[in-house]
Amino acid sequence: MPPSLPARPDPDLPEDDVLAGSTGATITPYRDGPLIVRGDFRLVDQDGGEIDPGRDTVALCRCGKSGIKPFCDGTHKRSGFTAPSAPARPRPAARILHEGR
Ligand code: FES
C-alpha cells in the first residue's frame, strides 16, 4: 500500500501553500530573527506573482520592521525583536489534527 499524504497541517492556509511544503524546502525560524528558507521553493505574492528571491537561501522577515519586506534587512536586531525558534507549546490546530487520526 503506498504511503498516504500527510493531513493538511492548517486548513486556513491556501492549498498551494500546503503543497509547497512537499517540494523539499526547509523553513527555520531563527531565534529573535527571521525565517530562513532553504531548498526547493517558490516565493510568490498574495496574487500569485513570482518574487525573485535572488538567491537559493533567503531570510524572510517575521518581526514586521524590515524595510524590504518580505525579506529581512536586519532591523530585527535594532528593534529588540524576540521570539523563540520553536513554539513553546503546540498550536491548537495541531491538537485537532492528532485527535482526528
Ligand atoms: S526579521 Fe529581520 S528585519 Fe524583520
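If you're wondering where the values come from, they're calculated on a predicted model, not measured in any experiment.

### Things to note about the overall build of the protein chain
Moving on, step 1. For the protein chain, the helix and strand inventory stands at 3 helices and 3 strands.
Moving on, step 2. Taken from N to C terminus, the helices and strands of the protein chain fall in the order α-β-β-β-α-α.
Moving on, step 3. For the protein chain, the share of sequence-separated contacts (at least 6 apart) that also reach a separation of at least 24 residues comes to 27%.

### What about the sheet that holds strand E1 (residues 26-29)?
Moving on, step 1. One open sheet holds the 3 strands; their spatial order is E1-E2-E3, and the pairing between them is antiparallel. Pairing within the sheet leaves two strands with one partner each, and these edge strands are E1 and strand E3 (58-60). Sheet twist, expressed as the average angle between the axes of neighbouring strands with direction ignored, equals 25°.
Moving on, step 2. Sheet analysis places E1 next to strand E2 (residues 35-38), joined by 4 bridges and oriented antiparallel. Each residue of the ladder has a partner; that of Pro 29, found in E2, is Leu 35.

### Observations regarding unusual backbone geometry
Moving on, step 1. For the bond running from Lys 69 to Pro 70, omega is 10°, close enough to zero to count as cis.
Moving on, step 2. Residue placement: Pro 70 occurs in the loop between E3 and helix H2 (75-79).
Moving on, step 3. If you check the backbone angles, Asp 32 has positive phi at about 60° while not being a glycine.
Moving on, step 4. Checked against the element boundaries, Asp 32 lands in the loop between E1 and E2.
Moving on, step 5. The class of Asp 32 is partly exposed, set by 14 C-beta atoms lying within 10 Å.

### Quick notes on the environment of Leu 43
Moving on, step 1. You can see Leu 43 is positioned in the loop between E2 and E3.
Moving on, step 2. Taking the number of C-beta atoms within 10 Å as the measure of exposure, Leu 43 has 17 and is therefore partly exposed.
Moving on, step 3. Residue contacts for Leu 43: discarding those within four places in its chain leaves Ile 51 and Pro 53.

### A closer look at the environment of Arg 55
Moving on, step 1. Assignment of secondary structure puts Arg 55 in the loop between E2 and E3.
Moving on, step 2. Remark: the alpha-carbon pair of Arg 55 and Arg 38, spanning 17 residues in sequence, is separated by 9.7 Å.

### Considering the pairing of E2
Moving on, step 1. Sheet analysis places E2 next to E3, joined by 3 bridges and oriented antiparallel. Within E3, the position partnered with Ile 36 by the bridge is Ala 59.

### Quick look at the confidence of the model for the protein chain
Moving on, step 1. In the predicted model, the protein chain carries a mean pLDDT of 80, and the fraction of residues at 70 or more is 69%.
Moving on, step 2. In this model, residues 1-21 is a region of pLDDT below 50 whose contacts with residues beyond four sequence positions or in other chains number 8 contacts.

### A look at the environment of Gly 74
Moving on, step 1. Relative to the assigned elements, Gly 74 resides in the loop between E3 and H2.
Moving on, step 2. Residues Gly 74 and Ala 59, 15 residues apart in the sequence, show an inter-C-alpha distance of 9.5 Å.

About the criteria used
- Residues numbered from 1 in each chain as written.
- Predicted model: local features only at pLDDT ≥ 70, side-chain atom pairs only at ≥ 80, totals over all residues.
- Helix = DSSP H or I, 4+ residues; strand = E, 2+ residues; numbered from the N terminus.
- Contact = placed C-beta atoms within 7 Å.
- Pairing = 2+ DSSP bridges.
- Axes fitted to C-alpha atoms, helices over the stretch in contact; angles between N-to-C directions.
- Buried ≥ 20, exposed ≤ 12 C-beta atoms within 10 Å, placed from the backbone.
- pLDDT = per-residue confidence, 0-100.

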